[in-house]
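# Summary of the model geometry
Okay, here's what each chain looks like letter by letter:
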Amino acid sequence: SAAPKPEARSASAANENKDADGADVRDRDYVDAQRKREALREQLHPALLIAVRHGHGALVSYLLGLGLDPDLRERGSGKTCLHLAAASGSIAAVRSVLENGADKTARCAAGNDAQTLAAAMGHHRIAGVISSWVSAWDLIRARNEQVASALDQEAVDAGSRGPIALLESALAQKEALFGPTHPGLIPQLERLATARATQRSLDLAVELQAPAPQV
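Note that the structure is predicted; figures quoted are calculated from it, not measured.

Turning our attention to the overall build of the chain. Check the secondary structure of the chain and you find 9 helices and 0 strands. Secondary structure of the chain in N-to-C order comes out as α-α-α-α-α-α-α-α-α. Considering the chain as a whole, with its 215 residues, one finds that 25% of them fall into the buried category. Sequence separation of 24 or more characterises 56% of the internal contacts of the chain that already satisfy a separation of 6 or more. Here the chain has roughly 14,600 Å² of accessible surface; of this, 56% comes from carbon and sulfur atoms.

Within the sequence span of helix 5 (residues 91-99), burial applies to Ile91, Ala93, Val94, Ser96, Val97 and Leu98. Remark: Gly101 follows helix 5 within two positions and exhibits a positive phi of approximately 90°.

Now for the nonpolar core. Counting residues in each nonpolar core, the largest one holds 27 residues, and the members touching the most others are Leu48, Val52, Val94, Val97 and Ile130. Those elements giving two or more residues to this core turn out to be helix 2 (25-53), helix 3 (57-65), helix 4 (81-88), helix 5, helix 6 (114-120) and helix 7 (124-132). Filtering out sequence-adjacent residues up to four positions away, Val94 remains in contact with Leu82, Ala85, Ala86, Ile126, Val129 and Ile130.

Between helix 3 and helix 5, the shortest axis-to-axis distance is 8 Å and the interhelical angle comes to 15°. Classified by the angle between their axes, helix 3 and helix 5 sit roughly parallel to one another. Helix-helix and strand crossings are classified by hand; for helix 3 and helix 5 the assignment is right-handed. Contacts between helix 3 and helix 5 involve Gly57, Val60, Ser61 and Leu64 on the former and, on the latter, Ala92, Ala93, Ser96 and Val97. Class assignment for the residues of the contact of helix 3 with helix 5 results in 5 nonpolar, 3 polar and no charged.

Residue position: Ala120 is located in helix 6. For Ala120, a relative accessible area of 68% translates into the label exposed. For the pair Ala120 and Ala87, spaced 33 residues apart in sequence, the C-alpha separation works out to 9.3 Å.

What follows deals with the side chain of Thr80. By secondary structure assignment, the location of Thr80 is in the loop between helix 3 and helix 4. Here Thr80 is in contact with Asp71, Leu72, Arg73 and Ala106, once residues within four sequence places are set aside.

Looking now at the pattern of salt bridges. Tallied over the entire structure, the rule returns 1 salt bridge. Residues Arg53 and Glu74 are paired through a salt bridge, measuring 2.6 Å at the closest nitrogen-oxygen approach. In this pair, Arg53 is assigned in helix 2 and Glu74 in the loop between helix 3 and helix 4, connecting sequence segments 21 residues apart. Take Arg53: its relative accessible area is 35%, and that puts it in the partly exposed class.

Residues Leu59, Tyr62 and Leu66 make up a contiguous nonpolar surface patch of roughly 290 Å² in combined accessible area. Counting through the fold element by element, Tyr62 comes out in helix 3. Judged by relative accessible area, Tyr62 falls into the exposed class, the value being 52%.

Following the sequence through the fold, Asp113 ends up in the loop between helix 5 and helix 6. For the buried Asp113, no salt bridge exists, and the shortest N-O distance to an oppositely charged side chain is 4.4 Å, to Arg107. A distance of 2.7 Å separates polar atoms of two side chains, one belonging to Asp113 and the other to Thr116. If sequence neighbours within four positions are ignored, Asp113 has contacts with His83, Lys104, Thr105, Ala106 and Arg107.

Analysis parameters
Residues numbered from 1 in each chain as written. Predicted model: local features only at pLDDT ≥ 70, side-chain atom pairs only at ≥ 80, totals over all residues. Heavy atoms only, no water. Helix = DSSP H or I, 4+ residues; strand = E, 2+ residues; numbered from the N terminus. Buried < 20%, exposed > 50% of the residue type's maximum accessible area, 1.4 Å probe, protein only. Contact = heavy atoms within 4.5 Å. Areas by Shrake-Rupley, 256 points an atom, 1.4 Å probe, with all protein chains shown as cover. Core = buried A, V, L, I, M, F, W, Y, C linked by side-chain atoms within 4.5 Å. Axes fitted to C-alpha atoms, helices over the stretch in contact; angles between N-to-C directions. Parallel < 35°, antiparallel > 145°, perpendicular 65-115°, else oblique. Left-handed = near helix turned anticlockwise from the far one by under 90°. Nonpolar A, V, L, I, M, F, W, Y, C, P; charged D, E, K, R; others polar. Salt bridge = Lys/Arg side-chain N within 4 Å of Asp/Glu carboxyl O. Patch = residues over 30% accessible without salt bridge, like charges linked within 9 Å, V, L, I, M, F, W, Y side chains within 5 Å. Lys, Arg positive; Asp, Glu negative; His and termini not counted. Polar contact = N/O pair within 3.5 Å; in protein donor to acceptor, adjacent residues only side chain to side chain.

Have a look at this one:
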């Protein structure tokens, strides 16, 4: 018998991934797996709080590597993992929490951040580590702010140059890139001609509305 066509094979494979309602079982399996992983993480929350409270740096690093939240809070006190690690006096635990993206500005129910708590408990070296810590997330946020500021300034500069100057600049760039005879320059030339004609009309209208000079 003839072998099934590639189209038939792909259709058959697609049908095998559908349930009775037509939903893709691969999506359902993925969601189920995600739910199981999240349930496992929740079961490990107490272990993480115990590990940071007792300053077990290696265990803290392992648990956070499983995807647990570094900003997990203790009930009642509102202390985060960083608060508890700082209070434990373990620099290893503090570094593990910080390296996994903990928010060092988070405050507990008493209104203190982890640095203040460490200093109050006499852990001045830990307070210094927290104070000077710059995470990768901080660097990314700072970089994003710089890019956004540069884009805002570019938009301001573009607005101040006016549409004709922008079209002339774009045309010059295309001409330098593709050459003066490239057909892609024609639409740019047409837009530039339209913009210039519009500007001339506006200038003429302003001149006609201007008051006559005093003699």
